[in-house]
Amino acid sequence: MEIRSYAQSLQRSRAARDDSRRPDSFRLRGREWTLLPDVFAPPYTTSTDAAMELLGFHEAHQLARHGSFLEIGCGTGVIAVNAALGGCERVLATDINPLAVRNTALNAKRHGVADRVCAQQSDLFDDLDPHARFDTVYWHSNFVLAPSDYRYTSLHEQAYVDPGYAAHRRYLDQAPLWTTKGGRALLQFSNRGDLESLSALADETERELSIVRSLHVEEGQDTIEYLLIEIARRDTSSPRPQRAGAATSSRQGS
Ligand SMILES: C[S@@+](CC[C@H](N)C(=O)[O-])C[C@H]1O[C@@H](n2cnc3c(N)ncnc32)[C@H](O)[C@@H]1O
């Protein structure tokens, strides 16, 4: 089946959510993490581990070593907690799924960073303090495109697919507005997503996309390419480059 199939992604969501052997904790990168029901479950995917790699946690090339970090869509909180453990002084972890917010608070406590990681429910930026700004804004998104009229049948599905890329459009539009001066707005995407549609949305919202890092991972029969994409405001004073049909620019790493 085609790698970008939303039906296949929904099937993966159901398999992870309804597995009778779904664990209530899991091990990732040397630590034990609590996993609540209906929360995006890292043991069933390579994408959370890829996020750790792309963000460079545990390595010299860590992208967010200091300052403030906003994670949209925190799930179990693995990334938010690692940002705090890696040196970020203030981490705000948000999710539209209230169980994910609870799950993140539990893991922040479990790993001794509850004083630096605040977990809050929000639909993207809608419920955040409008004056807050962050050195890094990051979303490991539900990057698979579903038809615009698709209606979620569980909270869990919302971690996998985005109908009509409505949430991605809002994220591209808003994420650069929440960074400090010199801060970065980042999106973790993959070849399961539709990069051409994302690029078209970037044009509509006057954003520039550049691929900061990429990573290939084997997952069953599929080779997934994970991308860490930076979103910047387009400089509207200079002529627009012709769109090549996909986000392109400097790639570092492999
Ligand atoms: C692919 S999961 C990533 C979870 C976690 N960060 C990880 O890496 O394991 C995407 C997350 O985005 C959340 N999400 C989806 N739509 C959202 C929205 N509109 N606002 C906030 N969070 C959203 C989902 O609930 C899910 O937890």
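Check the entry above for the structure.
These numbers come from a predicted model, not from an experiment.

(A) Main features of the overall build of the protein. For the protein, the helix and strand inventory stands at six helices and 11 strands. Relative to the globule expectation of 18 Å for 254 residues, the C-alpha radius of gyration of the protein, 17 Å, shows essentially globular dimensions. The dimensions of the protein, computed from C-alpha atoms along their principal axes, are 55 × 45 × 35 Å. When burial is assessed residue by residue, the protein has 53% of its 254 residues classed as buried. In the protein, the share of contacts with a sequence separation of at least 24, taken over all contacts with a separation of at least 6, comes to 68%. Of the roughly 11600 Å² of accessible surface on the protein, 48% is carried by carbon and sulfur atoms. Computed over 29 positive and 34 negative side-chain charges, the inter-centroid distance for the protein is 3 Å.

(B) Quick look at the packing of helix H2 (residues 47-55) against helix H3 (residues 78-86). Their axes nearest at 10 Å, the elements H2 and H3 cross at an angle of 30 degrees. Comparing their axes, H3 and H2 come out roughly parallel. Crossing of H2 against H3: the hand is right-handed. On the side of H2, the interface is formed by Thr48, Ala51, Met52 and Leu55, while H3 contributes Val78, Ile79 and Asn82. When grouped by side-chain class, the residues that make up the contact of H2 with H3 number five nonpolar, two polar and no charged.

(C) Structural detail: the site of the ligand. The environment of the ligand is formed by 21 residues, the closest being Thr48, Gly73, Asp95, Leu124 and His140. Between an oxygen atom of the ligand and a side-chain N or O atom of aspartate 95, the distance comes to 2.6 Å. In isolation the ligand exposes 590 Å². Once the protein is present, 97% of that is buried. When contributions to the shell around the ligand are tallied by element, the ones reaching two or more residues are strand S3 (68-72) and strand S6 (134-140). Its residues assigned to classes, the shell around the ligand shows nine nonpolar, nine polar and three charged.

Quick notes on the rules
Residues numbered from 1 in each chain as written. Predicted model: local features only at pLDDT ≥ 70, side-chain atom pairs only at ≥ 80, totals over all residues. Heavy atoms only, no water. Helix = DSSP H or I, 4+ residues; strand = E, 2+ residues; numbered from the N terminus. Rg over C-alpha atoms; globule rule 2.2 N^0.38 Å. Buried < 20%, exposed > 50% of the residue type's maximum accessible area, 1.4 Å probe, protein only. Contact = heavy atoms within 4.5 Å. Areas by Shrake-Rupley, 256 points an atom, 1.4 Å probe, with all protein chains shown as cover. Lys, Arg positive; Asp, Glu negative; His and termini not counted. Charge placed at Lys NZ, Arg CZ, Asp CG, Glu CD. Axes fitted to C-alpha atoms, helices over the stretch in contact; angles between N-to-C directions. Parallel < 35°, antiparallel > 145°, perpendicular 65-115°, else oblique. Left-handed = near helix turned anticlockwise from the far one by under 90°. Nonpolar A, V, L, I, M, F, W, Y, C, P; charged D, E, K, R; others polar. Near = heavy atom within 4 Å. Polar contact = N/O pair within 3.5 Å; in protein donor to acceptor, adjacent residues only side chain to side chain.

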